[in-house]
Structures are given as structure tokens and as C-alpha cells.
Amino acid sequence: MDSQVLYNIIPQEAFGLFIATYFYLTGLSAGSFILSTLSYGFGFEKFKPLGRVGIVLATFLLVLAPLFLLFHVGAPLRSWHLFVYLNFSSPITWGSFLLILYPINCIIYGTFMFLEKKKPTRIFGLIGIPLAIAVHGYTGFIVAFGKARALWNTALMPILFLVSAIVSGIALMILVEMVRSRFFSKEKKINKDLINSLSKILAWSIVVDLFLVFSDLAVLSISHADAQAAAQLILHGKFFPMFVLLENILGKIVPFIILVVPRFRKTIPVIVAALLVIIGIFFMRYVVVVGGEFIPLI
Amino acid sequence: MKNNGKRSSDRSGKRYAMLIDLRKCIGCNACSLACKSEYDVPLSVFRTWVKRVEKGKYPYAREFFLPIVCNHCENPICVTVCPVGASIQREDGIVYIDPHRCIGCRYCMASCPYGVRYINPNLGIAEKCTWCFHRVDAGLDPACIEACPTQAMLFGDLHDPKSPIARAVAENAVQVIKPEIGTDPHAFYIGLDKAAVETVSFEEEEP
């Protein structure tokens, strides 16, 4: 039956670019933090050079990220309401506490690390891991609780966010570690062994991420009408270039090939792969947040 | 005041509801206008509006109207997700926003399945249809109901079996928008057309 909408109001955008950026930065922070604890928390000596850059980055990114929330909210001077009026069924309330506890723990952990006190560093590193997972996982719950939007309302969202956080975090650490060892270390030489190990972890994290994206899409495209429309939108519609090309082909498949084929695993291609991943994950956040609320509700 | 959409299930108190008879609606927008003036709603945003859908091809065509108000759901997701408890559900089912508490985080806008919320461009906080609870508490009908020239809209206590709305809801085939979403909306419609509630697919929407 032919039908067309003659008049309807255009809804305001609810989340948009600022929130996508916020999710992206908390993801990078959580990923960097987890890598920093590989040596100082879990004792993998090989990853020791990542400890200090990791924690500095994690802290810096997590101080930067909430600024985007302040840009986003309509009444930023009332932000203190978040800590006074609580609603524990809202993921944003969970986040208000995580966004305080996590940076504090980062600073304590970092301070002990720079003071070279092994035991407290280890303790605060291990405390930080659930915090880092929570501080990014809760953003997945924010999106998943938006039950009106088919692209958001899936239990996969928190784990999808976490895995992509780890992917982007590793890629960022590869770049930062290359710059650090090449220009700021005593040897002035890139630690090939460390970069190789990171490349392998990154490659297999990308595989997990791709699998999650596949399961999300597979279920969306056979689910109810709104879900099918959402799958269409990102697979064939307006978000096709961002989702398929930038996020998945350039952001995941190409870097994966570069990272697993030994012939390509040279310095420059690995830099390219890491950059592609970092850009690709940004588009992942953008597609989820903006693509999710693109289809009108009424 | 109640939170988290956990209203007590006893039927002794009031439960307000709205019934819109789309067979009588002529799409005049008197309801939208009454709402705008009742609340001084800023330009570019609406608490209630009339969606217009045309079905069929001339000469076998008809225009359908869908006045949209807040559904004042029994399980309002906006109340569940509001981080500062600014979205509040009253005992009688009316959901409203405390303007002094809202921080404008837009989470309610992102999660409302009916898209009835907006950010007031002057104040930066979320607002929506309140079923005019200030009028209802004073014994009056909401502004849109009073303005409707064809009496297509009906408002009242669903728990009072003798009230006009309880009788109309009981005696007619009524429908709600998106019953499957599980919010238990309380704006009922008679003669709700499939085409009027279908969300526009993204291909059609692009000009």
C-alpha cells in the first residue's frame, strides 16, 4: 500500500558526535590502562616499557573525556546533581562514580609506579582492571538501555564496546611505544620484539571484534522490523561508507592482514595498521551512536 | 512521587489515561496550538503535534492524522534511565520532569520510544507533554482536550469504571503505539492505522 508522511516533526538529536567522542576516549583510556597493567599488575616483564606511557595516557584521556560530556549536557552547571540525586537504575549514575574512582585509582597507581614501589603498584593496578572494564563497560550499558533503538538495544553492546576499547587501546599503544622507543629511550631504537607481541595481540583482538560485529548484524537482520531497518541502514544505507568501508574493511580487515602476514609486519605498515584501527574504532562509535538514533521513532 | 516505573499495582488510586478517536480527528492542530500557548513552548519544538500520513493514490486516497502526546507509560523507560531522578512518575501515572533537577543529559530523549521529549533551546533542559497535570489537579481537562473542536480526545481516570474514558476504552477496539516495546503506554487510540505509526524507512526519508 502506498503511503507517505505529509507532516511530522523532526526530532532533535539526542546523543550525537560529542557522546560518540566521549565513548571513544574512555575506550582508548581503558585499553591503555589494561596494557599498562600487563607488566606492573600481572608480571609480564616483556611489556614493562608500556607501563608508564600506558598509565599517563589512560589518565590524560580520562580527564579529557568528561569534558565532552560537559559540552553535551544542556545545563552543565548542574552537573553536581549527578552526585547528589542518584538513580541506580540509570547507567549514567553508575558512571558518575566510575568517572571519579577510575581517574583517582589511575593517579595513585601511576604515582606508585613512578616512585618504583612494586607492591602498591601491583595492588592498584589490579584494582584498576575491573574499574577500567567498568568505566568503559558502563558506556555500553548506556547505549544498550536505549530500548527504543534497535541498533543499541542489544546485550552484546557492553562486550562489543569493551573489545573495541581494547582493540583501539592496543593500536594506540603500538604508536606511542614506537615514538617513545625511537625518540625518547636510551637506545633510540624501536623494540621490535615488543611491537611484534603487541601486533599479535591486536590481530587476535580484531578477530574477536569482527566476530561480535558479525553476530550483532546476523541477529539484527533477521530480527523485528526496526532491527532489520537498522541493519539495512548500516549495511546498505547512509552509514554504509562509515560502517562497512571505514570501520570494518579499512579499520579491521586490512590491519589484520598487515599484522598477521610476517612479510608486511615491518615498521611502516604496522604504523599504518595501527592508525587505521584507531580511525576505524572512532567510526565504530560514531556509527553506533549516530546511526542508532538515525531512524525516526514515530 | 515514585521512581523507576515501579507503580503499585493496586487499582484503588487514580490512573489517568487519554483516548484519541482518530475517526473524529480532522487534523486541525488546535491541540498543538493549545499546548504551545499553555506552556509557552519555544519555537522549533513541540510537546504535541499531529502527524499526517497519506495513504493510497488519487482518487482512492485518504489522509490520516495521528495526534501525538506523551504516553505516560506504566513502565516509563525515561524514569528508569534518568540519572538524577528528574523524570518522575506520579501515583496517578502522570510522568513529568522536575525542571529544577534536570541537567539536560538527553538520555531520556535517546531512550523514549515515542520521541516526545525535546531539549528546551532556551533552558537546556528536557521537556515534554505533562498531560497538563497543573490543570488536572485543579479539576480541569488538559488544554488539548478542551481545544479539540470535534471532541476526538478524551481524558480521565481509567480506574473509575463509570468514567467516560474507562467506558470508552472498555467498549471500543483501542490500540496503543508500539505495544511490543513493553512500556505499557496509556494514550489509547481508536482507528490507529498501520501506515500512520510505521517509522519512515531511511530510503523514503531522504529527499
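Structure first, text after, so check above.
Just checking my understanding: could you explain the overall build of chain A for this structure?
Scanning chain A from N- to C-terminus turns up 10 helices and 1 strand. Mapped in sequence order, the helices and strands of chain A form the string β-α-α-α-α-α-α-α-α-α-α. Against the globule reference of 19 Å for 298 residues, chain A gives a C-alpha radius of gyration of 20 Å, in line with a compact fold. With respect to the principal axes defined by its C-alpha atoms, chain A has extents near 70 × 55 × 25 Å. Expressed as a percentage of its 298 residues, the buried residues of chain A come to 54%. Within chain A, residue pairs in contact and separated by at least 24 positions form 76% of the contacts whose partners lie at least 6 positions apart. For chain A, the computed accessible surface area is about 13,200 Å², with 74% contributed by carbon and sulfur atoms. Averaging the positions of the 23 positive and the 12 negative side-chain charges in chain A gives two centres separated by 13 Å.

What is the right way to read the sheet that holds strand β9 (residues 174–175) of chain B from this model?
Two modes of strand pairing occur in sheets, parallel and antiparallel, and in both the strands are linked by backbone hydrogen bonds. Residue and element names in this part refer to chain B. Taken together, the 4 strands give an open sheet; going across it, the order is β8-β1-β10-β9, and neighbouring strands pair in mixed fashion. The sheet terminates laterally at β8 (153–157) and β9, the two strands that pair on one side only. Pairing of strand β1 (residues 16–21) with strand β10 (residues 187–190), which is carried by 4 bridges, proceeds in the parallel orientation. Its bridge partner lying in β10, Leu-19 is registered against Phe-188. Here helix α6 (residues 164–171) sits on the sheet in contact with β1, β8, β9 and β10, set at roughly 110 degrees to β8.

What's the story with the environment of Phe-15 of chain A in this structure? I'm lost.
In this fold, Phe-15 of chain A is placed in the loop between β1 (3–7) and α1 (16–40). Under the relative-accessibility criterion, Phe-15 of chain A is labelled buried at 6%. Distance from Phe-15 of chain A to Asn-196 of chain A, taken between C-alpha atoms, is 38 Å for residues 181 residues apart in sequence. Contact partners of Phe-15 of chain A, with chain neighbours within four places excluded, come to His-72, Ile-142, Trp-152, Val-289 and Glu-293 of chain A together with Cys-105, Arg-106, Tyr-107 and Ala-110 of chain B.

The rules behind these values
- Residues numbered from 1 in each chain as written.
- Chains lettered and ligands numbered in written order.
- Predicted model: local features only at pLDDT ≥ 70, side-chain atom pairs only at ≥ 80, totals over all residues.
- Heavy atoms only, no water.
- Helix = DSSP H or I, 4+ residues; strand = E, 2+ residues; numbered from the N terminus.
- Rg over C-alpha atoms; globule rule 2.2 N^0.38 Å.
- Buried < 20%, exposed > 50% of the residue type's maximum accessible area, 1.4 Å probe, protein only.
- Contact = heavy atoms within 4.5 Å.
- Areas by Shrake-Rupley, 256 points an atom, 1.4 Å probe, with all protein chains shown as cover.
- Lys, Arg positive; Asp, Glu negative; His and termini not counted.
- Charge placed at Lys NZ, Arg CZ, Asp CG, Glu CD.
- Pairing = 2+ DSSP bridges.
- Axes fitted to C-alpha atoms, helices over the stretch in contact; angles between N-to-C directions.

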